[in-house]
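Remarks on the overall topology
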Amino acid sequence: MSETAAREVSTAENPWPVRTVARKIGDWIHRLGAVWVEGQVTQISARPGTGTAFLTLRDPAADVSMSVTCPMGLLRSLEPPPREGASVLVNARPAYFFGRGTLSLRASEIRMVGIGELLARIERLRRLLAAEGLFAPERKRRLPFLPQGIGLITGRASAAERDVLVNAHARWPGARFRVINTAVQGALAVPEILDALSILERDKEIEVIVIARGGGSVEDLLPFSDEALCRAVSAARKPVISAIGHEPDTPLLDHVADVRCSTPTDAGKRVVPDVREESERVRQMRDRGRRALHGWVDTQRRLLDQLRSRPALADPLGPIARRADEVEIQRQRGRREILSTLTREQTALTAARARLTALGPAATLERGYAVVQFSDAAGNLGVLRSVSEVSEGAEVRIRVGDGALRAVITDGGEEG
């Protein structure tokens, strides 16, 4: 095997030198040919007196960037000239620098991405995020009534920061803010806002997050329609308020955030309650509670007065005494009725007994009379009223008092 063939395979015994690896990487890269690349310009270096300009392109959806070189004449021919944060299309060939081992793009054509194209891309992203449900109202979280801590992501010393803080403290002087200043336009805006959002998410004292920026052009507000930022806000565990630009400005962040405010001033008013309004509401509630309590006490007092005025409670022993008198009267009346009934019945019994006594034979005998009975021929007994009623030789019975005598009637008289 020749030395060249042996070098084609890299092993621990036959390693490649650095120049071979660099040459092979260069060969692979140069095979790619010219490509169209889209990105945001994050840095432009065009020194006077040099024929080459240097740019840095960044992917808006990822933390990836590449260096681009182009002739100075190509850069000057663009109208308007590109600036940091602008979106561009670059036709370039990958170039690998053998000596430094670095990769860059050598541009042969640069095109500025127009407003119409930016708006069309934002609209396509809006439909995509809406189809995934990131704009759904049921995903929106309610803001806390009075947050313990408020996170504010905004530009350094910006009017938006001043508007949020001044209006929030005017409504609730004790509101506590943690302000993180970031870039709010250009290529660095999205990564810095994402870092600030992550910091505030980890802060346990922060209960709501406000992302605020003043007005601007479509290109200035482009970071707030970035897909990565929209997805990060949608995945946040804490409520997020979007206060970007003015009323007509509607970046995609407004649709993803839990609350959309038309301006930073509006965000300062909505993130905390008004202390004067709440104090007045507390006063009204206290008055209502006092009136309700007084009304309830008055009602219960009237009820107690009515209960106390009832005879049963005003004179609890009086009804018992009156009932006792009535019971005694009824008892005496019953006793008199019973005694009267007994007297009447006793009188009737005595009268009946007297009648029976008067009608009985004992009374007749007690007056000295005798009851004479005789037996007729048929053997039946009868009371003798006249001697002529008895035939001769008839047997008669004479009852005197409690005793009885037997006698036989004859012609000569009575035999004993």
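Our subject is the structure that appears above.
These remarks concern the structure in this document. (Residues numbered from 1 in each chain as written. Predicted model: local features only at pLDDT ≥ 70, side-chain atom pairs only at ≥ 80, totals over all residues. Heavy atoms only, no water.)

1. Notes on the overall build of the protein chain
Here is the rule we go by: In this text, helices come from DSSP runs of H or I with a minimum length of four residues, and strands from runs of E with a minimum of two, each type numbered from the N-terminal end. Burial classes follow relative accessibility: with a 1.4 Å probe on protein chains only, a residue under 20% of its type's maximum area counts as buried, one over 50% as exposed, and anything between as partly exposed. What makes two residues a contact is simply this: any of their non-hydrogen atoms within 4.5 Å. Using the Shrake-Rupley algorithm and a 1.4 Å probe, accessible areas are obtained, with residue cover drawn only from the displayed protein chains.
Broken down by element type, the protein chain carries 13 helices and 15 strands. By the burial criterion, 33% of the 416 residues in the protein chain qualify as buried. Sequence-distant contacts, at least 24 apart, represent 58% of the contacts inside the protein chain between residues at least 6 apart. In the form shown here, the protein chain has an accessible surface area of approximately 26300 Å², with 55% of it arising from carbon and sulfur atoms.

2. Brief notes about the sheet that holds strand β10 (residues 259–260)
Stated precisely, the cut-off is as follows: Paired strands are those between which DSSP finds at least two bridges. Note on definitions: angles span 0 to 180 degrees between N-to-C directions of axes, and those axes are lines fitted to C-alpha atoms, for helices only across the stretch in contact.
Strand order in the open sheet formed by five strands is β7-β6-β8-β9-β10, with parallel pairing between adjacent strands. Strand pairing shows two members of the sheet lacking a second neighbour, β7 (177–181) and β10, which therefore form its edges. Pairing of strand β6 (residues 150–154) with strand β8 (residues 208–213) involves four bridges; the strand directions are parallel. Residue pairing in the sheet places glycine 151 in a bridge with isoleucine 209 of β8. Its contacts with the sheet place helix α5 (residues 159–171) against β6, β7 and β8, and it is angled at close to 175 degrees to β7.

3. Here's the deal with the nonpolar core
Defined as follows: Residues enter a nonpolar core if they are buried and are Ala, Val, Leu, Ile, Met, Phe, Trp, Tyr or Cys, with the set joined through side-chain atoms within 4.5 Å.
Ranked by size, the top nonpolar core spans 29 residues in total, and within it Leu129, Ile153, Ile209, Ile211, Phe224 and Val233 carry the most contacts. If you list the elements that add at least two residues to this core, you get α4 (115–131), α6 (189–202), β8, α7 (227–235), β9 (240–244) and α8 (252–256). With residues near it in sequence (within four places) discarded, isoleucine 209 still touches Gly151, Ile153, Leu197, Leu200, Glu201, Pro239, Val240 and Ile241. Core analysis: the next-biggest nonpolar cluster, separate from the first, contains 17 residues, Ala160, Ala168, Ala175 and Val210 among them.

4. Focus on the pairing of strand β5 (residues 102–112)
On a regular strand, each side chain points to the face opposite its neighbour's, so the side chains alternate between the two faces of the sheet. In the sheet, strand β3 (residues 65–71) pairs with β5 via two bridges, with the strands oriented parallel. Opposite threonine 69, over in β5, you have arginine 106 as the bridge partner. Counting the residues between successive antiparallel strands, the hairpin from strand β4 (residues 87–97) to β5 contains four residues, one of them, glycine 101, with a positive phi of roughly 65 degrees.

5. Overview of a nonpolar patch on the surface
Cut-off, in case you're wondering: Candidates for patches are residues over 30% relative accessible area with no salt bridge; among them, like charges are joined within 9 Å and nonpolar side chains (Val, Leu, Ile, Met, Phe, Trp, Tyr) within 5 Å. Salt bridges are defined by distance alone: a side-chain nitrogen of Lys or Arg within 4 Å of a carboxyl oxygen of Asp or Glu.
Residues Leu293, Trp296 and Val297 make up a contiguous nonpolar surface patch of roughly 300 Å² in combined accessible area. We classify valine 297 as partly exposed; its relative accessible area is 30%.

6. Structural notes on the packing of aromatic side chains
As a reminder, the rule being used: For Phe, Tyr and Trp, rings pair up if their centres lie within 6.5 Å, where Trp contributes its six-membered ring, and each pair is then called stacked (planes under 30 degrees apart), edge-to-face (over 60) or tilted (otherwise). Our definition puts a charge over a ring when NZ of Lys or CZ of Arg is within 6 Å of the ring centre and also within 35 degrees of the ring normal.
For the structure shown, the criterion picks out zero aromatic pairs. Sitting over the face of the ring of tryptophan 16, lysine 24 holds its NZ or CZ atom 4.8 Å from the ring centroid.

7. A closer look at the environment of phenylalanine 177
Among the secondary structure elements, phenylalanine 177 is positioned in strand β7. In contact with phenylalanine 177, other than residues within four places in its own chain, are Ile150, Leu152, Val164, Leu165, Ala168, His169 and Val271.

8. Observations regarding the sheet that holds β5
Judged by pairing direction, the barrel is mixed, and its five strands sit side by side in the order β1-β2-β3-β5-β4 before closing back on the first. For this sheet, the mean angle separating the axes of adjacent strands, direction not counted, is 55 degrees. The pairing of strand β1 (residues 35–45) with β4 spans six bridges and is antiparallel. Residue pairing for β4: glycine 39 is matched across the bridge by valine 88.

9. Remarks on the side chain of threonine 182
On the secondary structure map, threonine 182 appears in the loop between β7 and α6. Relative accessible area serves as the criterion here: at 9%, threonine 182 is assigned to the buried category. Setting aside residues up to four positions removed in sequence, threonine 182 forms contacts with Ile153, Thr154, Gly155, Arg156, Glu192, Ile193 and Ala196.

10. Here's the deal with α5
Short version of the rule: Here the expected span of a helix is defined as 1.5 Å times the quantity of residues minus one.
Across its 13 residues, α5 extends 18 Å between first and last C-alpha, which sits within 8% of the 18 Å expected from 1.5 Å per residue. Among all positions in α5, only Ala160, Glu161, Val164, Leu165, Asn167, Ala168 and Arg171 are buried. Those residues of α5 hidden inside the fold are in contact with β6, β7, β8, α9 (264–270) and α10 (275–309).

11. A look at the pattern of salt bridges
Any two side chains of opposite charge can pair, on the condition that their charged atoms come close. According to the stated counting rule, one finds 19 salt bridges in the structure shown. A salt bridge links aspartate 258 to arginine 141, with the shortest nitrogen-to-oxygen separation between them at 2.9 Å. Highlighted residues: aspartate 258 in the loop between α8 and β10 and arginine 141 in the loop between α4 and β6, separated in sequence by 117 residues. Via salt bridges that share partners, Glu280, Arg283, Asp287 and Arg290 belong to a single interconnected network.

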